[in-house]
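Listed below are the residues making up each chain.
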Amino acid sequence: MQVGTRRVFLVAAAAITASASVGACRKRGANDDPLDVPASANLPAARESVAADGTTIVLGDPAAPLAVRLYEDLSCPACAEFETEGTGPYLKRAARNNALQLQFTLGSFLGPGSKFAANALRAAVDQGKFAEYHHVLYSHQVHARKSGGFTRDRLLALAVLVEGLRGPEFDAAVQETKYREFVEASDEALGDSPAESTPTMEINGALVKEGNRALYTDRNRLYRHLKKASGA
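Residues numbered from 1 in each chain as written. Predicted model: local features only at pLDDT ≥ 70, side-chain atom pairs only at ≥ 80, totals over all residues. Heavy atoms only, no water.

### A look at the sheet that holds strand S6 (residues 206-207)
Inference 1: Strand order in this open sheet of 6 strands is S1-S2-S4-S3-S5-S6, and the pairing throughout is mixed. Because the sheet does not close on itself, it has two edges, and the strands there are strand S1 (48-50) and S6.
Inference 2: Where helix H3 (residues 88-96) meets the sheet, its contacts fall on strand S2 (57-59), strand S3 (67-73), strand S4 (101-107) and strand S5 (200-203), and the angle it forms with S4 comes to roughly 135°. (Pairing = 2+ DSSP bridges. Helix = DSSP H or I, 4+ residues; strand = E, 2+ residues; numbered from the N terminus. Contact = heavy atoms within 4.5 Å. Axes fitted to C-alpha atoms, helices over the stretch in contact; angles between N-to-C directions.)

### Regarding the pairing of S5
Inference 1: Taking every second residue as pointing to the same face, both faces of S5 are buried, with Thr 200 and Glu 202 on one and Met 201 and Ile 203 on the other.
Inference 2: In terms of strand pairing, S3 meets S5 through 4 bridges, oriented antiparallel. Residue pairing in the sheet places Arg 69 in a bridge with Glu 202 of S5.
Inference 3: Note that S5 and S6 share 2 bridges and pair antiparallel. Paired with Glu 202 across the bridge in S6 is Leu 207.
Inference 4: Hairpin connection from S5 to S6: 2 residues lie between these consecutive antiparallel strands, with Asn 204 at a positive phi of about 50°. (Buried < 20%, exposed > 50% of the residue type's maximum accessible area, 1.4 Å probe, protein only.)

### Details of the confidence of the model for the chain
Inference 1: Here the chain averages 88 in pLDDT, while 86% of its residues score no lower than 70.
Inference 2: Scored below 50 in pLDDT, residues 1-30 makes 61 contacts in the model with residues more than four places away or belonging to other chains. (pLDDT = per-residue confidence, 0-100.)

### With respect to the packing of aromatic side chains
Inference 1: Across all of its chains, the model carries 3 aromatic pairs by this definition.
Inference 2: Between Phe 82 and Tyr 216, the ring centres sit 5.7 Å apart and the planes meet at 65°, which makes this aromatic pair edge-to-face. Of this pair, Phe 82 sits in helix H2 (residues 77-84) while Tyr 216 sits in the loop between S6 and helix H10 (219-229), and the two are 134 residues apart along the sequence. Like Phe 82, the residue Tyr 216 is buried in the burial classification.
Inference 3: Looking at Arg 122, its charged tip hangs above the ring of Tyr 179, at a distance of 4.1 Å from the centre.
Inference 4: Here the guanidinium or amino end of Arg 213 rests over the ring plane of Tyr 216, the centre of that ring lying 4.1 Å away. (Phe/Tyr/Trp six-rings, centres within 6.5 Å; stacked < 30°, edge-to-face > 60°. Lys NZ or Arg CZ within 6 Å of the ring centre and 35° of its normal.)

### Quick notes on the packing of helix H4 (residues 112-126) against helix H9 (residues 180-192)
Inference 1: Taken N-terminus to C-terminus, the directions of H4 and H9 make an angle of 115°; their axes are 9 Å apart at the nearest point. Taken as axis vectors, H4 and H9 run roughly perpendicular relative to one another. When the axes of H4 and H9 are compared, the crossing they make is right-handed. Mapping the contact onto sequence places Lys 115, Ala 118, Asn 119 and Arg 122 in H4 and Arg 180, Phe 182, Val 183, Glu 184 and Asp 187 in H9.
Inference 2: A per-class count over the contact of H4 with H9 returns 3 nonpolar, 1 polar and 5 charged. (Parallel < 35°, antiparallel > 145°, perpendicular 65-115°, else oblique. Left-handed = near helix turned anticlockwise from the far one by under 90°. Nonpolar A, V, L, I, M, F, W, Y, C, P; charged D, E, K, R; others polar.)

### Examining the pattern of salt bridges
Inference 1: Scanning all chains against the criterion turns up 6 salt bridges.
Inference 2: Here Lys 115 and Glu 184 are joined by a salt bridge, their closest N and O atoms 3.3 Å apart. Note that Lys 115 is positioned in helix H4 and Glu 184 in helix H9, a separation of 69 residues in sequence.
Inference 3: For Glu 184, a relative accessible area of 36% translates into the label partly exposed.
Inference 4: Arg 122 is the partner of Asp 126 in a salt bridge, and the nearest nitrogen-oxygen pair spans 2.8 Å. (Salt bridge = Lys/Arg side-chain N within 4 Å of Asp/Glu carboxyl O.)

### Remarks on the environment of Gln 101
Inference 1: Structurally, Gln 101 is set in strand S4.
Inference 2: Along the sequence, Gln 101 and Ala 64 sit 37 residues apart, while their C-alpha atoms lie 5.7 Å from each other.
Inference 3: Among the polar contacts listed, one links the side chain of Gln 101 to the side chain of Gln 103, at a separation of 2.9 Å. (Polar contact = N/O pair within 3.5 Å; in protein donor to acceptor, adjacent residues only side chain to side chain.)

### Topic: the nonpolar core
Inference 1: Membership of the largest hydrophobic core comes to 58 residues, with the highest contact counts inside it found for Leu 91, Leu 100, Tyr 133, Met 201 and Leu 226.
Inference 2: Top element by residues in this core is H4. It accounts for 7 residues.
Inference 3: Not counting residues up to four positions away in its chain, the partners in contact with Met 201 are Val 68, Arg 69, Leu 70, Phe 82, Thr 87, Leu 91, Ala 206, Leu 207, Val 208, Leu 215, Tyr 216 and Leu 222. (Core = buried A, V, L, I, M, F, W, Y, C linked by side-chain atoms within 4.5 Å.)

Put into structure tokens, the structure is as follows:
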């Protein structure tokens, strides 16, 4: 897929703003609803796997009936905003709480740094550290973009922030771009998808429309939407 054909992604993605209200910061009382998981919840790590299609990284039980798919590019500023200030962290908590399976299709249309980052994240799955590393990369994306983007060396330096991730196997996978085929296939899957911007969310196969962009910023609205989608 040619990078130039996907430039429209950042334009549409800019609709997400830092000033939006994010309900995930509110502390809620404990209950039996696995979707209603508070930010303060002490949860085990979610299971991490690669789906049979070879292009999807899955957090949580891959057999869970409620599935949320995220189309992202690690160099996309709006994706970083969604994953650090929007409803991205809530979705990860819900996956850790066995409420849903969280699927990632990683594009790399924004250049070599995106490809290096997608490869490193695929390598992190082998160590069971995808979720933590994914958070670290988005948390440091602004600095990385100001310093030339994600390079192999920068990705390895950031991996130090994830306990247990660095090691001979992971380091070699990053330096040698071990998962090049995964990166290209995942980018092609994003290009062939109905998504027209990143981040884009699908819930049980249904694309979240532009009119529902609040689902990317408002935890409570997303919770209600997921509750309805789950049939509960």
